[in-house]
Amino acid sequence: MATPRSLSTATLPTPSENGTRHRLRAVGPDEVPYMAEFLPPGATWLPAPQHTLPTLPGQPPMIGYLVLVPADQHPPFPQEPEVTDTDAPLVRIDTVQRTAEVNGRELDLTYLEFELLAHLVQHPHRVHTRDQLVTTVWGYGHVGDGRTVDVHIARLRRKLGADFRGAIQTVRRVGYKYTPPTGG
């Protein structure tokens, strides 16, 4: 295993805004902050096994660390806030049972309608082109003029109902995006 002092300086291939290249350099132990300062009391850290880390072709191996926290303590990093009933989404997708609900009403969706709605709900506010939707939902490259996606979106909007059809918005000349409804 290489020591920090045996690593050489590397240059990243992309220049920054002002045209200079960022440089990486090896650092000595005296330049690295002590990890315990960032951990909660009772937690410890250790290097992750090399086989658990991703590898990039032509790049040096990555270094990762495992943070161990006692079971009776909170994790060291912030978690997503718990959803209360007042914060519950009006459009809910259960990918395990393959059900979709709108404001507590279960929708009767075909396989592709469910997949399309689930994909849109999982990526709110993100604009998806028709080609992207065909590739990710249908699972193959785009063949045709995109009308297949348009027809499925129209069916989904109809099944969502008048109060929620606006959750799937058209981005003209691009595609569609899902914006979670705020009230019902």
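Student: Mind showing me how you'd approach the nonpolar core here?
Tutor: When a protein is soluble and globular, its nonpolar side chains tend to lie buried together. With 25 residues, the main nonpolar core has Leu-116, Leu-117 and Ile-168 as its most contacted residues. Secondary-structure elements contributing two or more residues to this core are strand 6 (99–102), helix 1 (111–122), helix 2 (130–138), helix 3 (147–160) and strand 10 (175–178). Ranked by the residues each element gives to this core, the list is headed by helix 1, at six residues. Once residues within four sequence positions are removed from consideration, Leu-117 is found in contact with Ile-93, Ala-100, Leu-107, Leu-109, Leu-156 and Ile-168.

Student: Is there a simple way to think about the pattern of salt bridges in this case?
Tutor: Under the criterion given, the structure shown has four salt bridges. Across the pair Glu-115 and Arg-98 runs a salt bridge, and its minimum N-O distance is 2.7 Å. Of this pair, Glu-115 sits in helix 1 while Arg-98 sits in the loop between strand 5 (91–94) and strand 6, and the two are 17 residues apart along the sequence. Residue Glu-115 is classed as partly exposed on the basis of its relative accessible area, which comes to 23%. Where Asp-150 meets Arg-147, a salt bridge forms, and the shortest distance between an N and an O atom there is 3.3 Å. One end of the pair is Asp-150 and the other is Arg-147, both in helix 3 and three residues apart, which spans about a single turn. Of the residues examined, Arg-147 reaches a relative accessible area of 48% and is grouped as partly exposed. Connected through shared salt-bridge partners, Arg-130, Arg-147 and Asp-150 make up one network.

What counts and what doesn't
For every chain, the first residue of its written sequence is number 1, and the numbers climb from 1 along that sequence. Restriction of local features to residues with pLDDT of at least 70 applies here, the model being predicted, together with a cutoff of 80 or more for giving and counting side-chain atom pairs; totals for whole chains, interfaces and linings are based on all residues. Hydrogens are left out, water is left out, and the side-chain values use all remaining heavy atoms of the structure. Note on terminology: a nonpolar core comprises buried Ala, Val, Leu, Ile, Met, Phe, Trp, Tyr and Cys residues joined through side-chain atoms within 4.5 Å. Burial status follows relative accessibility: with a 1.4 Å probe on protein chains alone, a residue under 20% of its type maximum counts as buried, one over 50% as exposed, and anything between as partly exposed. Helical segments are the DSSP runs of H or I of at least four residues, strand segments are the runs of E of at least two, and each set is numbered from the N terminus. By definition in these notes, contact holds between two residues if any of their heavy atoms fall within 4.5 Å. By convention in these notes, a salt bridge is any Lys or Arg side-chain nitrogen within 4 Å of a carboxyl oxygen on Asp or Glu.

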